[in-house]
Structures are given as C-alpha cells and as structure tokens.
Amino acid sequence: MVRLSSRKKVSENKRERVVRLWRIVEILNDSPQGILREHLANQLQVGRSTCYRDIDILKAAGVNITSNRYGGSVRYFLKDHTLPVLKPTPRQILALRLARTLLVPFEGMGVVRELDGLLKGRVAESAFPLSLASQGPTSTPHTLSEVENAINTGRRLRFVYHSPGSDEVSTRTADPVALRAVEGHIYLVAFDTGKKSVRTFKLVRMSEVVVLNCRARPHPEVDCATMFADSVKAWSGDSIEVVIQIPARMAAIAAEWPLVAGQDVRDQGNGTALVKARVAGLVEAMRWVLRWGATAAVIRPHELRSLIVAELSRALKRYSSSSAGV
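Keep in mind the model is a prediction, meaning the values are calculated, not measured.

Asks: Just to check I follow, could you spell out the overall build of the protein chain for this structure?
Replies: Along its length, the protein chain carries ten helices and twelve strands. Looking at the protein chain as a whole, 33% of its 326 residues are labelled buried. Counting only contacts in the protein chain whose residues sit at least 6 apart along the sequence, the fraction spanning at least 24 positions is 59%. By element, 54% of the accessible surface of the protein chain is carried by carbon and sulfur atoms, the whole surface being about 20700 Å².

Printed below as a string of structure tokens:
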C-alpha cells in the first residue's frame, strides 16, 4: 500500500511539473517585455529555486529563453517571441500524408503549401493498407491560387468560363465571395458584374484567370450557408420538397447515397419506402433519381416528373433504330 501511494505521488508530481512548464511558456509568450523571476514564481505559486529548475528544463528542451539582471533580480524573456517547433510523431506524419492525398483538389492553395512544407523530408512510420480512388479533373493550381489571392486581397477577378454541355465560352468579371468544395470539386461563389447576380462557377471550367488591380465590392447579402442549405451539390435556388418512392429493401442504400443530408427515408409497410427531402432546384435531384434506374419513381412534384420523362425520352431516341448509327 505504501509503495502504491508512493508511485501515485510521483505520478502526480510529474503531472504538476508538466502543467507548470507549459504555464511558464504561456506566461512568457504573453509577456513581450519579459517577467521578473519573483513575479513568475508568485504566479506559479512556487519558490525561486523551483523556478530556476523549471527554466533550465525548458532551455534544455529547446525553448529559447533568455534573461538579464534588473535591479538585483532576474527578468526572463522568450527570445524573438517564438516557441520551439513541435515535431509530429511518425503516426501523425502518416495521418497527415493521408490527409494530403485527399487534398489533391485543393492544389495551389496556401494551406496545402503549408502542409507540403511540414511534410517535406519526413518519413511516415509505415505504409497503411488503404487504396484511394483517383479523383476526377480538378482546377489547375494556378487557377485556385489566383482565386484564393483575389479572396484574400479583396480584389476583382476576370476569367474565361466554359459553360457545361455546350460550346459557349464567355469572359466574366466577378467579385469573389467564397469557395465551396463538393465531392472533390471546387466552386467559386461570386457576384457576376455582367449578369448583376450571384453565380456559382466550377473552377475546372475556368481558365485565363487574372486578379484585377481594382477592389471587389463587398457583398454581405450573400450568405453561403443559407444559399446552399438545401443544395444537393452546388446548385442554389428556391427550396422545393420532393418525394421519391423506392423499394423498401433498398432503403439502406438511400441512406448510404443520400439525396441530401437531411432527407427522411420511411418504410411504408407495403414493400416500398418514401424518400422525402427539400432540395434547391430540380436538376441535381433529377440526376440522383436517374441513378436508380427503374427502381425509383417520383411521387411529387410534377415538375420533377416532367424533367425525368423528358430526359428519358431524349435518351430513348438515341437508341432508336433510325438514329443509332450502327
């Protein structure tokens, strides 16, 4: 019992010392003019000899602490007001390398460059048996870097935009507001000065991006959280309730691949389940339904049913004997 109590006491003393050492670093970091030894000891509620020992331990650990004499006492400083660099453990390096792989779509951003600098020359503990699927096309590092620069400096952007599904190419000038990431794709939310409205631009469709030498107008009216509250991916617009019927046996798949995060999937007790959700716009909801093939049917709204019927009709025409071209 005495031995156990002694071990517990030693453990408590070590814990108290670690806490005290960190407290010293915090106090010095918050004292650009330095702090007298007596004042430091009073704040820590320890004696001067304990203060001496703790300062020596911190110096030995690489904390750049200096001191000078001041009226018969000693004043401690944190030199250059900098803390020692913390070195990640091998397993932390492994985790950071995994995170870096997932950040490929953000190539060109300052935060990714910071992570690259941290990982440079560091070797992970071991290779983790995890295979990551290759991602689709992303923007060029130059495009993302220029967009980030415009947002950080509050300047206007000019770029060439390639409209999806057509040959239309146009030059846009916009006040950048924010970036939005969806499933590895990056979008720019910006106020299009030509269209005089807020638009969402996919960075992979942007080219010849130039940061202009003029200030972008602030747009406090743009609330991205509200704008994309019911977005399936990147579309914004009026919120519409949709109801889609699927086989009850596939309800778990609807949960794995949701239309939106806040959807409601309920078994109807008759072999079917209903997926209810509020979505911004119907185009992305249409694409989600079409992924289900013949197993899903839209109950409402009628506009979504009409969109799907029209899309399937166009698809069937491509397979008709007269237009197949085979």
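Asks: Please clarify how the sheet that holds strand E5 (residues 169–182) should be interpreted in this entry.
Replies: Two orientations exist for strands paired in a sheet by backbone hydrogen bonds: parallel and antiparallel. Read from one edge of the open sheet, five strands run E7-E6-E5-E4-E8, paired in antiparallel fashion. At either end of the open sheet lies a strand with only one pairing partner, and these are strand E7 (197–202) and strand E8 (206–215). Strand-to-strand twist across the sheet, computed as the mean angle between neighbouring axes with direction ignored, equals 45°. Alignment of strand E6 (residues 185–192) against E7, held across six bridges, turns out to be antiparallel. Residue pairing in the sheet places Val-189 in a bridge with Thr-200 of E7. Contacting strand E4 (155–162), E5, E6 and E8, helix H6 (residues 141–153) crosses the sheet at an angle of about 20° to E8.

Asks: Looking at this structure, how should I read the pattern of salt bridges?
Replies: The full count for this structure, using the stated rule, is 13 salt bridges. Where Glu-26 meets Arg-23, a salt bridge forms, and the shortest distance between an N and an O atom there is 3.8 Å. With Glu-26 and Arg-23 both in helix H1 (residues 2–29) and three residues apart, the pair spans about one turn of that helix. Residue classification places Glu-26 among the partly exposed positions, given a relative accessible area of 34%.

Asks: Teacher, can you tell me more about the nonpolar core here?
Replies: Note on soluble globular proteins: their nonpolar side chains tend to be buried together. Formed by 22 residues in total, the largest nonpolar core has its most connected members in Val-242, Ile-244, Ile-246, Leu-259, Val-279 and Leu-304. Taken together, the elements giving at least two residues each to this core come down to strand E9 (239–247), strand E11 (272–280), helix H9 (283–290) and helix H10 (302–318). Once residues lying within four places of it in the same chain are set aside, the contact partners of Ile-246 are Ala-251, Ala-254, Thr-272, Ala-273, Val-275, Trp-292, Thr-295 and Ala-296.

Asks: Any chance you could explain the sheet that holds E9 here in plain terms?
Replies: Pairing in this open sheet of four strands is antiparallel, and the strands run E10-E11-E9-E12 from one edge to the other. Taken across any chain shown, the strands that pair with only one partner, and hence form the sheet edges, are strand E10 (264–267) and strand E12 (297–300). Taken over all neighbouring pairs, the strand axes of this sheet differ in orientation by 25° on average, direction set aside. One ladder, built from four bridges, connects E10 with E11; its direction is antiparallel. If you follow Arg-266 over to E11, its bridge partner there is Leu-274. Across the sheet, H10 lies against E9 and E12, angled at about 150° from E12, the strand it touches most.

Asks: Would you explain the packing of helix H2 (residues 37–44) against helix H3 (residues 48–60) in this entry?
Replies: Helix-helix packing is characterised by the crossing angle of the two axes and by the distance between the axes. As a packed pair, H2 and H3 sit with axes 9 Å apart at the nearest point and diverge in direction by 95°. Classed by the angle they form, the pair H2 and H3 counts as roughly perpendicular. From H2, Arg-37, Glu-38, Leu-40, Ala-41 and Leu-44 reach across to H3, where they touch Arg-48, Cys-51, Tyr-52 and Ile-55. Taken together, the residues of the contact of H2 with H3 sort by class into six nonpolar, no polar and three charged.

The rules behind the values
- Residues numbered from 1 in each chain as written.
- Predicted model: local features only at pLDDT ≥ 70, side-chain atom pairs only at ≥ 80, totals over all residues.
- Heavy atoms only, no water.
- Helix = DSSP H or I, 4+ residues; strand = E, 2+ residues; numbered from the N terminus.
- Buried < 20%, exposed > 50% of the residue type's maximum accessible area, 1.4 Å probe, protein only.
- Contact = heavy atoms within 4.5 Å.
- Areas by Shrake-Rupley, 256 points an atom, 1.4 Å probe, with all protein chains shown as cover.
- Pairing = 2+ DSSP bridges.
- Axes fitted to C-alpha atoms, helices over the stretch in contact; angles between N-to-C directions.
- Salt bridge = Lys/Arg side-chain N within 4 Å of Asp/Glu carboxyl O.
- Core = buried A, V, L, I, M, F, W, Y, C linked by side-chain atoms within 4.5 Å.
- Parallel < 35°, antiparallel > 145°, perpendicular 65-115°, else oblique.
- Nonpolar A, V, L, I, M, F, W, Y, C, P; charged D, E, K, R; others polar.

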